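# Per-entry structural report
For reference, the chains in residue letters:
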Amino acid sequence: MILLPDLRTGFYTLFSLFCWLMDLDSCYSRFQEIVMSSMMPDWSLLPEELLHFISQNVENCFDGVHARSVCTSWRSNIPFPSCLLRTSYSLPTFAQFPLENKGSCTLEKIPLFLFRVKSPPPAAATSPCEYFLGGIRRDESEHLMELPSPLQCSVKVNIPGNDPALLNVLDCQIFPLGHQCRMIGWDLEEWRTTNYRGVAFLPLNNGEFIVLLNFTKSLFMSRSDEMRWIQLKKFSDASCEEIVPFRGKFYGTILNRDLFVIDPYSLDVTSLTPLQPLRSVKYLVPSGNDDELFLVEKILPPTGVLDFCRFACRVSKLDDEAGKWVEVSDVGGRVLFIGYPGNVSFCGKELPDGCGLSGDSLLCTGGPGNVTYSYKYGVNTGREEDDLNFWRRFSGENRVTIINTSPVVALQVER
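Definitions and cut-offs
Residues numbered from 1 in each chain as written. Predicted model: local features only at pLDDT ≥ 70, side-chain atom pairs only at ≥ 80, totals over all residues. Heavy atoms only, no water. Helix = DSSP H or I, 4+ residues; strand = E, 2+ residues; numbered from the N terminus. Buried < 20%, exposed > 50% of the residue type's maximum accessible area, 1.4 Å probe, protein only. Phe/Tyr/Trp six-rings, centres within 6.5 Å; stacked < 30°, edge-to-face > 60°. Arc of directions from axis to C-beta. Pairing = 2+ DSSP bridges. Axes fitted to C-alpha atoms, helices over the stretch in contact; angles between N-to-C directions.

## Side note on the overall build of the chain
A tally of helices and strands in the chain yields six helices and 26 strands. Burial status across the chain gives 47% buried among its 415 residues.

Set out below in structure tokens:
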């Protein structure tokens, strides 16, 4: 859950700066009269024109959430940020296919965020740095206006052995991570096991969209302007592992370790296997708004007992114009998360020094055990048989403890 506190403290200074920047002399004078008339001003008396200027100039989505917590009038005049809403899309039924579920379905896009909890100054250098990775939703009890700081949105933070926690977003550094898609009204047990990787949403021009659905070793596609499912021609005997949209096409991985790309218009399926195939588990990691698509390959040993501490990774970037993967030794300063609640990335350059995580690294949240390290390129393990041209766990940096993975990922990074 996220607690949205009252913003009365310090707002006078912030608003004064705002009026100065906007050159709102008359508004500022009137605001001063209101503030000086009381030590605890009634924010509901703020002139309507000032509320209008504030609502028009709130750019950060969480600033809008904070502003709505000031009082009832602010809450009614400042709209809830659209980027925090879960967008829903109606999908056709499966009546034409012999599937158990023939009822209507809905696709929901869930905004994802990474929250870095800031430690108190005295403990900042020694205490672990905490992160929460998960989805955001509006609180269902928003109508309870008598609350001094009405909840605007929430993320469930349930850590084993602890009561559900309220996370104060004012004490967090927040990174948007895009969206995940979830099917609503789909109750088949086999579908549940695919988590979020079994459906991909591709927006088109003029508000239309295409959905690709992975179910029982088959791929189904539906266009919003046709509202019917088309079963794609089978192109592999193995099951599809995950699918992601990228620059107008769908990309996916198959259980036999192949990769493919689907043109949603021609329905052509093309193999996109790396030039030097490896025996590996493959993960697709989109970054930004169609900025980059990374392929992370966790290399499996040829024989013998699996030693997870000695796993190596190869990372490639898609060159979609050439239709091939290009191996890379850095990921543009990003941190790539592999595992729960999905494969995502954020810009590590935005993190201050000493926060535990650094750019150009991989972090696996779905591996065995709850203690791990980031993967870095060219790590010298001291073993002659380990090739430096791969990404390996870097134990010389910071140990990461995975406290929880559901309903959100909770991390502690030692410093």
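Moving on from the model shown.
## Examining the packing of aromatic side chains
All told, the structure shown has nine aromatic pairs when counted by the stated rule. Measuring from ring centre to ring centre gives 5.9 Å for Phe-337 and Phe-346, while their planes differ by 25°; the resulting arrangement is stacked. Chaining the aromatic ring pairs together yields one cluster made of Tyr-89, Phe-201 and Phe-209.

## A few points about unusual backbone geometry
In this chain, Tyr-340 is followed by Pro-341 through a cis amide linkage whose omega measures -10°. Relative to the assigned elements, Pro-341 resides in the loop between strand E19 (334-338) and strand E20 (344-347). Here Arg-247, not a glycine, exhibits a phi torsion of approximately 50°, which is positive. Mapped onto the elements, Arg-247 comes out in the loop between strand E11 (240-246) and strand E12 (249-254).

## What about helix H3 (residues 48-56)?
In an α-helix, one full turn covers 3.6 residues, which means residues spaced three or four apart are oriented alike. Listed as buried for H3 are Leu-50, Leu-51, Ile-54 and Ser-55. Burial along H3 is one-sided: seen end-on, the buried residues are contained in an arc of 135°. Facing away from the buried side of H3, by more than 90 degrees, are the exposed residues Glu-48 and Gln-56.

## A closer look at the sheet that holds strand E8 (residues 209-215)
In space, the four strands of this open sheet follow the order E7-E8-E9-E10, with antiparallel pairing throughout. The open sheet is flanked by strand E7 (199-203) and strand E10 (229-231), the only strands paired with a single partner. Each strand of the sheet is rotated relative to its neighbour by a mean of 20°, with strand direction disregarded. In terms of strand pairing, E8 meets strand E9 (residues 218-223) through six bridges, oriented antiparallel. In the sheet register, Ile-210 faces E9, and the bridge partner there is Arg-223.

## A word on the sheet that holds E12
Strand order in the open sheet formed by four strands is E11-E12-E13-E14, and the pairing between neighbours is antiparallel. Looking at strand neighbours, the two that pair on one side only are E11 and strand E14 (269-271), the edges of this open sheet. Along the sheet, successive strands turn relative to each other by an average axial angle of 25°, direction set aside. Direction of pairing for strand E13 (residues 259-262) relative to E14: antiparallel, over a ladder of three bridges. Its bridge partner being in E14, Val-261 is matched across the sheet by Thr-270.

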